[in-house]
Each structure stands twice: as structure tokens, then as C-alpha cells.
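So you can see what is in the structure, the chains are spelled out below.
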Amino acid sequence: MPVLARTLEAAGLSTILITMMPVWAEAIGVPRTLAVEIPFGHTLGAPGDTAQQLRVLSQALGILEQATEPGYIEHSLETWHEPLDAAIKSWQPAEPSPIIAELSPKFREMLRSRRRNRS
Amino acid sequence: MVVDSFKYLPRLIAAFYQMAEVEPRRPIPWTPMSGPLDQCTFGLVTSAGLYAANTDSPFDVERERLEPTWGDPSFRRITKDISTEDLAISHLHFNTADIQRDPNIVFPRERMEELVENGRIGGLAEENFSFMGYQGYPPDTKAWEQEYGPQVAQALKSAGVQCVILTPV
């Protein structure tokens, strides 16, 4: 989505990207970014938590008002309500996506060989 | 606080993401705000894979199942007053249950309407847009950049939109 932010901005729209992957926004180069440490699929917060959703949106609006240079990034202070292990499990689909299913054996082997090389 | 992009990723998917090459693009484009927020009409653009079940087709996840290195680059128009029952999701990369329960977590039309009502922002576009975020592996975003992104930008501008909130998932 960083490339879409760039495309819309280049076409004359003022954009704010709200993302859980600021590492990509920073690497690719995005006009304005709000980074959130929230599990995937929940960009503005927890379902039903209107106060959290509004806090995230309000910070995004503040960035639109205040940022004066492209590449501006702010990090949200929002936290997630679930313990980490549960959160990692619950955002994932019931079945792995087709690409993960296809590449998993290769990546598992890669991680194993990294561990072997370290020891 | 600095957000950790990899905090919620299982080790395997983190490794998978870290292997993806990202091409830095400079300069970064910039459109200054046209005026104060209460005079801005907003558009929402998400990559959650939303579509209107009654009138539109899902994203082509069937082709993605057959061809896992490909992702559908097209977009769908989502009206701001679409009913939650009509709002469907096609996306194979995350659990969509919470969005189905409360679409505002990626498509915050109710929060935006509240912000319009209390005068913080000027308005919310009638028509908003959804993409489906998975663009293949390695990611190929040419169609977004050259075809579909410019089409969405044109549609938003024609509708009088000046500001856009993008919500990847």
C-alpha cells in the first residue's frame, strides 16, 4: 500500500497511511505515515472499541495538519488488548495463504540451516 | 514508542517478509493540504479486499489459489452507506472475522461520519475504494501504480475529494 499512497499523492491528493508495517513505508518512501502496533487486519483498533478507533483516526488527522515534509512518520502509543501469543494466532487465517503453504517448507529449511550455521 | 513491524508475525512469515526486496523510491511525492480539515472532503482507501456482495464480484482469489505468486490488482467501489450485511471480504492472508463484525477497524465510515458531525472534517466521499493487498510474491505493484491507482485518484478527485486515509491490513 505504500505505492498507492505515493500514486494518490502524486495525482494531487493529500494522503495519510495508517500501517502496522512502518518498516516498508520508510523503505519505499511514503508522504505521511502513522505507525500502529496492532495485529494485522485491525488497522484502527479492536472491533467495537470506538474510542480506540477514534484515537487512531484523530492522530492521523493531526499528521495531515502538522506534517510539512514528505517522509513524515509518527508512531502511535496504542496497545493491543490480547497477550502476544494469542494475538499472533488470532489474526492469521484458518488455513495458510496459498503462497505461505507453497513456500513454508523452503523457509523452514532456510531457518533450520541458519540455526545450524550459528551453532 | 517505536512500532515493531514484526511483533505480530510468526517467525516463518517474518522470514518470508524479510526476504522480499523493497525498492526505495525517491523523491517522495507531496501534495500540501488544500485547507483546514473542516473544509476537506475525505476518501477512504483500504487493501482489506472489501466488496459489495449484492452488486459486485469478489477479488479473484480462485486464480490466486491456482497461482499463489499472483494477487488480484483490481479495486472495488464501496459506498459510505453500504450495509454491514452487504459488505463482504475476499482476502486469503488474514482472519477476516473481526472486520465482518465491525468494518470500522479498516473502513472507518462511522467514525468519519461522527467527525463530520462534530465539525472536525468537512465530509466523507459517497464512494470509497478497496483493493486486495496481496500483490504476489515477489510483490508486483505495477498495475496499482500505472493503472488502478491513477483510476482511483481520478475518481476521488472528480468527486471533490482532497484528503485520503489509506488503511492497509
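Residues numbered from 1 in each chain as written. Chains lettered and ligands numbered in written order. Predicted model: local features only at pLDDT ≥ 70, side-chain atom pairs only at ≥ 80, totals over all residues.

A.B. asks: Got a sec to walk through the overall build of chain B? Specific residues and values, please.
C.D. replies: The helix and strand tally for chain B stands at five helices and seven strands. Listed by position from the N terminus, the elements making up chain B come as α-β-β-α-β-β-α-α-β-β-α-β. Its C-alpha atoms give chain B a radius of gyration of 17 Å, near enough to 15 Å, the size a compact globule of 169 residues would have. Along the three orthogonal principal directions, the C-alpha set of chain B runs to about 45 × 40 × 35 Å. Every one of the 169 residues in chain B was classed for burial, and the buried ones make up 41%. (Helix = DSSP H or I, 4+ residues; strand = E, 2+ residues; numbered from the N terminus. Rg over C-alpha atoms; globule rule 2.2 N^0.38 Å. Buried ≥ 20, exposed ≤ 12 C-beta atoms within 10 Å, placed from the backbone.)

A.B. asks: Describe the nonpolar core, with residues and values.
C.D. replies: Judged by nonpolar contacts, the single largest core of 71 residues is most densely connected at A:Leu4, A:Ile18, A:Ala60, B:Phe42, B:Val164 and B:Leu166. At five residues, helix H3 (residues 50-66) of chain A tops the list of elements feeding residues into this core. Here this core spans two domains, since at least three of its residues come from each of domain 1 (2-81) and domain 2 (93-119) of chain A. With near-sequence residues (within four places) excluded, B:Val164 lies in contact with A:Leu8, A:Leu13, A:Thr15, B:Phe42, B:Gly43, B:Val45 and B:Leu156. (Core = buried A, V, L, I, M, F, W, Y, C linked by C-beta atoms within 7 Å. Domains from an automatic or database assignment. Contact = placed C-beta atoms within 7 Å.)

A.B. asks: For the domain arrangement of chain A, give the residues involved together with the corresponding values.
C.D. replies: Along its sequence, chain A is organised into domain 1 (2-81) and domain 2 (93-119). Just the C-alpha atoms count here: the centres of domain 1 of chain A and domain 2 of chain A sit 30 Å apart.

A.B. asks: Account for the pairing of strand S7 (residues 163-167) of chain B, naming residues and giving values.
C.D. replies: Both faces of the sheet carry side chains from a regular strand, because those side chains alternate between them. With five of its five residues buried, S7(B) lies for the most part within the structure. Both faces of S7(B) are covered, namely the face carrying B:Cys163, B:Ile165 and B:Thr167 and the face carrying B:Val164 and B:Leu166. Pairing geometry for strand S1 (residues 14-19) of chain A and S7(B), over four bridges, is parallel. Paired with A:Ile16 across the strands is B:Ile165, a residue of S7(B). When strand S1 (residues 41-46) of chain B meets S7(B), the two strands line up parallel, connected through five bridges. The partner of B:Phe42 across the bridge, within S7(B), is B:Cys163. (Pairing = 2+ DSSP bridges.)

A.B. asks: Break down the interface of chain A and chain B for me, citing the residues and quoting the values.
C.D. replies: Contact with chain A, which involves 70 residues of that partner, is made by 67 residues of chain B. Of all elements in the fold, only helix H1 (2-10), S1, helix H2 (22-28), H3, helix H4 (84-90) and helix H5 (98-118) of chain A reach the threshold of two or more residues within the side of chain A that touches chain B. Sort the elements by how many residues they give to the side of chain A that touches chain B and H5(A) lands first, with ten residues.

A.B. asks: Residue-level account of the packing of H1(A) against helix H5 (residues 142-158) of chain B, with values.
C.D. replies: At a closest axis distance of 9 Å, the pairing of H1(A) and H5(B) adopts a crossing angle of 55 degrees. The orientation of H1(A) with respect to H5(B), classified from their angle, is oblique. The element H1(A) and its partner H5(B) pack so that their crossing is right-handed. Here H1(A) contributes A:Val3, A:Leu4, A:Thr7 and A:Leu8 to the contact with H5(B), which in turn contributes B:Trp144, B:Glu145, B:Gly149, B:Pro150 and B:Ala153. Here the contact of H1(A) with H5(B) is built from residues that sort into six nonpolar, two polar and one charged. (Axes fitted to C-alpha atoms, helices over the stretch in contact; angles between N-to-C directions. Parallel < 35°, antiparallel > 145°, perpendicular 65-115°, else oblique. Left-handed = near helix turned anticlockwise from the far one by under 90°. Nonpolar A, V, L, I, M, F, W, Y, C, P; charged D, E, K, R; others polar.)

A.B. asks: How would you sum up the environment of B:Pro58? Please name residues and give values.
C.D. replies: Residues and elements named next belong to chain B. Mapped onto the elements, Pro58 comes out in the loop between strand S2 (50-52) and helix H2 (61-66). Looking at Pro58, the number of C-beta atoms within 10 Å reads 16, which means it is partly exposed. Between the C-alpha atoms of Pro58 and Ala14, which are 44 residues apart in sequence, the distance is 28 Å. Setting aside its immediate chain neighbours within four residues, Pro58 contacts Tyr51, Ala88 and Ser90.

A.B. asks: Lay out unusual backbone geometry with the relevant residues and their values.
C.D. replies: All names here are of chain B. Residue Arg26 is joined to Pro27 through a cis peptide bond whose omega torsion reads -5 degrees. Among the secondary structure elements, Pro27 is positioned in the loop between helix H1 (11-19) and S1. Of note, the amide linkage connecting Tyr137 to Pro138 takes the cis form, showing an omega dihedral of -5 degrees. Within the secondary structure, Pro138 sits in the loop between strand S6 (127-130) and H5.

A.B. asks: Before we move on, could you go through the environment of B:Lys80 and cite the residues and values that matter?
C.D. replies: Residues and elements named next belong to chain B. Within the fold, Lys80 resides in the loop between strand S3 (76-79) and strand S4 (87-89). On the neighbour-count criterion, Lys80 (18 C-beta atoms within 10 Å) is partly exposed. Residues Lys80 and Glu113 lie 33 residues apart in sequence; the distance between their C-alpha atoms is 9.2 Å. Apart from the residues lying within four places of it in its own chain, the contact partners of Lys80 are Arg109, Leu124, Ala125, Glu126 and Asn128.

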